[in-house]
Amino acid sequence: MGLIEHRQLIILGAGPAGLSAAIYAARAELKPLVITGMVLYGQSSLTHTIENYPGFPKGVGGMELGQLFEEQAKAFGAEFLVDEVQAVDLSRHPYTVSVYGGDYTADALIIAMGANNKRLNVPGEEEFIGRGVSYCGTCDGWFYKDKDIHVVGGGDSALEEALFLTRFAHSVTIIHRRDTLRAGAILENRARTNPKISFLFDSVVNEIRGSEGVEELLIENVKTGEKSLMPTEGLFIFIGHSPNTTFFEGQLEMEPGGTLKIDEHLETSKKSVFAAGEIADPHFRQVVTSAGMGAAAAISATHCLENMSCGL
Ligand code: NAP
């Protein structure tokens, strides 16, 4: 497939980081091209109501917020290409981004391709997302006031989120597939001494059942093979994340947790390749922090393009 176009700046991804980068880059008159991928507006579009994004005191739908970001970026001249990245070649400058439709080259890139919560891949999981299955305590915890809920996972995220969820829930049962936790001692101690938290060890969720919402879990004890049905009013799954870095393996340096390594200007290990949002954020993972990183990456990209120092 031949070269379609050269651009000053291409933004990969259209979640809060990519769209916020597009607003800033478009206002700097860089006419950025946003390659959206097939999931518009990123993981936040799965959230029914975002109540902690500043400026929306009554909350805003995840999809609606994404649409507003897109409208704002387009108003300043950002262009959107609904296509999927197939390859990125960072070995030569200008850099090449290949999509199904052909190849684009760019002086600078902002990588904002996000991360995906790992899924359990059990029956009922997909069906009940947003109706009792959640991957974000900060986003959805409030909806589980006084409810008896379950959390899957034994790492820091599972325990930290379980502790957060005790602010709302009546009880939180942590289901872990082994009998020792992966989480650090401080979080383990806090969870074990929290009266609202109990543990179900050596257990996995084989199926999530319900009608309008989640009602029960089919649990298997992995040591005895015994199966049982457990009533629940909500299931939070925290079994790790996978940053979408496949295209950059061998091309960009990564952190031990798998996110892209960036410096204080959000530049990756390659000159004029910036990264923002969850692909480069092992800690915060919020819509507002991703949007902030997107803005910062666009400001850095603007500086390098203005100084004609991109890719040198
Ligand atoms: P993680 O450390 O990889 O833990 C994932 C947990 O999910 C593990 O307990 C794992 O079980 C379990 N798990 C994985 N796949 C599963 C499956 N298919 N079915 C059932 N259980 C499954 O991930 P994380 O907790 O998201 O943490 C990621 C990184 O961020 C870690 O380095 C962590 O220390 C860091 N973090 C730190 C903090 C903090 O310091 N406050 C907070 C959050 C995250 P096994 O243990 O059996 O493998």
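Here, every reference points to the structure presented above.
All values derive from a computational prediction rather than experimental measurement. (Residues numbered from 1 in each chain as written. Predicted model: local features only at pLDDT ≥ 70, side-chain atom pairs only at ≥ 80, totals over all residues. Heavy atoms only, no water.)

Details of the packing of helix 1 (residues 16-27) against helix 6 (residues 287-306)
Using the following cut-off: What counts as an axis is a line fitted to C-alpha atoms, over the stretch in contact for a helix, and the angles between N-to-C directions run from 0 to 180 degrees. To qualify as a helix, a DSSP run of H or I must reach at least 4 residues; to qualify as a strand, a run of E must reach at least 2; elements of each kind are numbered from the N terminus. Each angle receives one of four descriptions, namely roughly parallel if under 35 degrees, roughly antiparallel if over 145, roughly perpendicular if within 65 to 115, and oblique otherwise. In a left-handed crossing the near helix is turned counterclockwise from the far helix by less than a right angle, and in a right-handed crossing that turn is clockwise. The criterion used for residue contact is that any of the two residues' heavy atoms lie within 4.5 Å. All amino acids are sorted into three groups, where Ala, Val, Leu, Ile, Met, Phe, Trp, Tyr, Cys and Pro are nonpolar, Asp, Glu, Lys and Arg are charged, and the leftover types, Gly among them, are polar.
Across the interface, helix 1 lies against helix 6 with an axial gap of 7 Å and an inter-helix angle of 40°. It follows that helix 1 is oblique to helix 6 by the angle criterion. Regarding helix 1 and helix 6, the two cross each other, and that crossing is right-handed. Of the residues in helix 6, those touching helix 1 at P16, A17, S20, A21, Y24 and A25 are V287, S290, A291, G294, A295, A298 and I299. In terms of residue class, the contact of helix 1 with helix 6 is made up of ten nonpolar, three polar and no charged.

Examining the site of the ligand
Cut-off, in case you're wondering: The cutoff for a nearby residue is simple: one of its non-hydrogen atoms must lie within 4 Å of the molecule or strand. Here a polar contact is recorded for every N or O atom pair within 3.5 Å, except that within protein the pair must consist of a potential hydrogen donor and a potential acceptor, and residues adjacent in sequence are included only if both atoms are side-chain atoms.
Near the ligand you find 14 residues, and of these D156, S157, E160, R178 and R182 are the closest. Within the side chain of D156, a nitrogen or oxygen atom sits 2.5 Å from an oxygen atom of the ligand. R182 places a side-chain nitrogen or oxygen 2.7 Å from an oxygen atom of the ligand. The residue inventory of the shell around the ligand, partitioned by class, reads three nonpolar, six polar and five charged.

Some details on the pairing of strand 1 (residues 3-12)
Quick reminder of the rule: Note on pairing: two strands pair once DSSP finds at least 2 bridges between them. The handedness of a crossover follows from its direction of travel: if, with the strands pointing away from the viewer, the path from the first strand over the helix to the second runs clockwise, the crossover is right-handed.
Two elements, strand 1 and strand 6 (residues 102-111), share eight bridges in a ladder whose sense is parallel. Across the sheet, residue L12 finds its bridge partner in strand 6, namely I111. Looking at chain direction, strand 1 and strand 2 (residues 33-35) are connected through three bridges and run parallel. Paired with I10 across the two strands is L33, which belongs to strand 2. In the classification by handedness, the crossover that spans strand 1, the intervening helix 1 and the parallel strand 2 is right-handed.

Overview of the pattern of salt bridges
As a reminder of what qualifies: For salt bridges, the criterion is a side-chain nitrogen of Lys or Arg within 4 Å of an Asp or Glu carboxyl oxygen. Under the scheme applied here, a residue whose accessible area is under 20% of the maximum for its type counts as buried, over 50% as exposed, and between as partly exposed, the area being computed with a 1.4 Å probe on protein chains only.
Following the criterion strictly, the structure yields twelve salt bridges and no others. A salt bridge links K223 to D179; the shortest N-O distance between them is 3.2 Å. Of this pair, K223 sits in the loop between strand 13 (214-221) and strand 14 (227-231) while D179 sits in the loop between strand 10 (171-175) and helix 5 (185-192), and the two are 44 residues apart along the sequence. Owing to a relative accessible area of 59%, K223 belongs among the exposed residues under this scheme. Judged by its relative accessible area of 40%, D179 is partly exposed.

Some words on the packing of helix 4 (residues 156-165) against helix 5
Relative orientation of the contacting elements helix 4 and helix 5 amounts to 35°, with a least axis distance of 10 Å. Of the two possible hands of crossing, helix 4 and helix 5 adopt the one that is left-handed. When helix 4 is examined against helix 5, the residues D156, L159, E160 and L163 are found in contact with a partner set consisting of L187, E188, R190 and A191. Classifying every residue of the contact of helix 4 with helix 5 gives four nonpolar, no polar and four charged.

Structural notes on the state of the cysteines
Heads up, the rule is: A pair of sulfur atoms, both from cysteines and within 2.5 Å, is called a disulfide here.
By the definition in use, this model includes one disulfide. Put simply, C136 and C139 are joined by a disulfide, and their sulfur atoms are 2.0 Å apart. Looking down the S-S bond of the C136 and C139 bridge, the torsion is 80°, so its handedness is right-handed.

Looking at the environment of G15
Summarising the element assignment, G15 is placed in the loop between strand 1 and helix 1. Overall, the relative accessible area of 10% leaves G15 in the buried class. Along the chain, G15 and E278 lie 263 residues apart, while their C-alpha atoms are 9.6 Å from each other. Leaving out residues up to four positions away in the same chain, G15 has contacts with Y41 and G42.

Bear in mind that shape data such as this cannot, by itself, settle questions of function.
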